[in-house]
Amino acid sequence: MKKKHFSASAEETQAIAQSLALRIEGGGVIALTGELGAGKTVFVKGLARGLGIIEIIQSPTFVLMKVYQVQHKTLDVFVHIDCYRLASIRELLDIGVEDYLKNPKALVVIEWAEKVRDLLAPYGALRVTLTPRSEQEREIVILAARQSLLDGENTGRRDRGRGYRVSGRSRY
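For every chain, the first residue of its written sequence is number 1, and the numbers climb from 1 along that sequence. In keeping with the predicted nature of the model, local features appear solely for residues at pLDDT of at least 70, side-chain atom pairs appear and are counted solely at 80 or more, and the whole-chain, interface and lining totals rest on all residues. Hydrogens and water are ignored here; the side-chain numbers use all heavy atoms of the structure.

Here we look at the confidence of the model for the protein
Thought 1: Values of pLDDT, which run from 0 to 100, indicate the predictor's confidence residue by residue. When pLDDT is averaged along the protein, the result is 85, and 84% of the positions lie at 70 or above.
Thought 2: Contacts are assigned to residue pairs that have any heavy atoms within 4.5 Å of one another. Between residues 153-172, whose pLDDT stays under 50, and residues either more than four places distant or in other chains, the model counts 62 contacts.

Section: the nonpolar core
Thought 1: Membership of the largest hydrophobic core comes to 27 residues, with the highest contact counts inside it found for Ile30, Phe43, Leu47, Phe78 and Val128.
Thought 2: The set of elements that each furnish at least two residues to this core consists of α1 (10-21), β3 (28-33), α2 (40-50), β6 (106-111), β7 (126-132) and β8 (138-143).
Thought 3: In contact with Val128, other than residues within four places in its own chain, are Ile30, Ala31, Leu32, Thr33, Phe43, Ile140, Val141 and Ile142. Here the nonpolar core consists of buried residues drawn from Ala, Val, Leu, Ile, Met, Phe, Trp, Tyr and Cys, with membership extended through side-chain atoms lying within 4.5 Å. The cut-offs for exposure are 20% and 50% of the maximum accessible area for each residue type, with area from a 1.4 Å probe on protein chains only; residues under the lower value are buried, those over the upper are exposed, and the others partly exposed. Numbering of helices and strands starts at the N terminus; helices are DSSP runs of H or I of at least 4 residues and strands are runs of E of at least 2.

A word on α2
Thought 1: Turning to α2, its buried residues are Lys40, Phe43, Val44, Gly46, Leu47, Ala48 and Gly50.
Thought 2: Turning to α2, the residues buried within the fold contact α1, β3, β5 (77-82), β6, β7 and β8.
Thought 3: Phi turns positive one or two residues past the end of α2, at Gly52, with a value near 85°.

Focus: unusual backbone geometry
Thought 1: A positive phi angle is found at Leu64, which is not glycine, with a value near 75°.
Thought 2: Secondary-structure assignment places Leu64 in the loop between α2 and β4 (65-69).
Thought 3: We note that Trp112 has phi near 60°; this positive angle belongs to a residue other than glycine.
Thought 4: Along the chain, Trp112 turns up in the loop between β6 and α5 (117-120).

What about the sheet that holds β6?
Thought 1: At least two bridges found by DSSP between two strands is the condition for calling them paired. Spatial ordering of the open sheet is given by β1-β8-β7-β3-β6-β5-β4, a layout of seven strands whose pairing is mixed. Lying at the two open borders of the sheet, with one neighbouring strand each, are β1 (2-7) and β4. Taking the axes of each pair of neighbouring strands and ignoring which way they run, one obtains an average angle of 15° across the sheet.
Thought 2: Sheet analysis places β4 next to β5, joined by five bridges and oriented antiparallel. Opposite Tyr68, over in β5, you have Phe78 as the bridge partner.
Thought 3: Together, β1, β3, β7 and β8 form the strand contacts of α1, whose direction differs from that of β1 by roughly 150°. Axis angles are defined between N-to-C directions and span 0 to 180 degrees, where every axis is a line fitted to C-alpha atoms and, for a helix, only to the segment in contact.

As for the pairing of β3
Thought 1: Within β3, six of the six residues are buried, which leaves the element mostly enclosed by the surrounding structure.
Thought 2: On β3, burial covers both faces: Gly28, Ile30 and Leu32 on one face and Val29, Ala31 and Thr33 on the other are all buried.
Thought 3: Inspection of the sheet shows β3 paired to β6 by five bridges, in the parallel sense. Bridged to Ile30 within β6 is Val109.
Thought 4: In this sheet, β7 lies alongside β3 in parallel orientation, the contact comprising four bridges. Paired with Leu32 across the strands is Val128, a residue of β7.

Below, the structure is given as structure tokens:
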């Protein structure tokens, strides 16, 4: 199932991501794609805010992965991965990414996910593609295995619809 959003600012992009985060009920993978400057990290900031993370979110471009503790009824950790400078999948395996991918209480969000398709294939992923339409405007396409993650608007209400696990065993 696919839903298309249009954002006119970084704040709107974060609000779209926050709305998505409010519908997440369990761990899984969110795969982000888009060109440099498309707004992937801005989207991650909105996800983190929606999960109640108050730490400053910065792209882990040089360290590959940052892990944040989450106070959530079904999640323990939020894992932010940036594959922009990744030379090989082995680099992620060496820092223990599979432990998080297999953890049902971990939400793993990966920027430049197209670089690790083979690694993600067994886990399924909610896919988010960000495309600049102008200097400020972005098209955000969310492809989810379950319609419930796409339902609801940017209301910020936790009770909007029922939440489900992110992963739906869709192939990435």
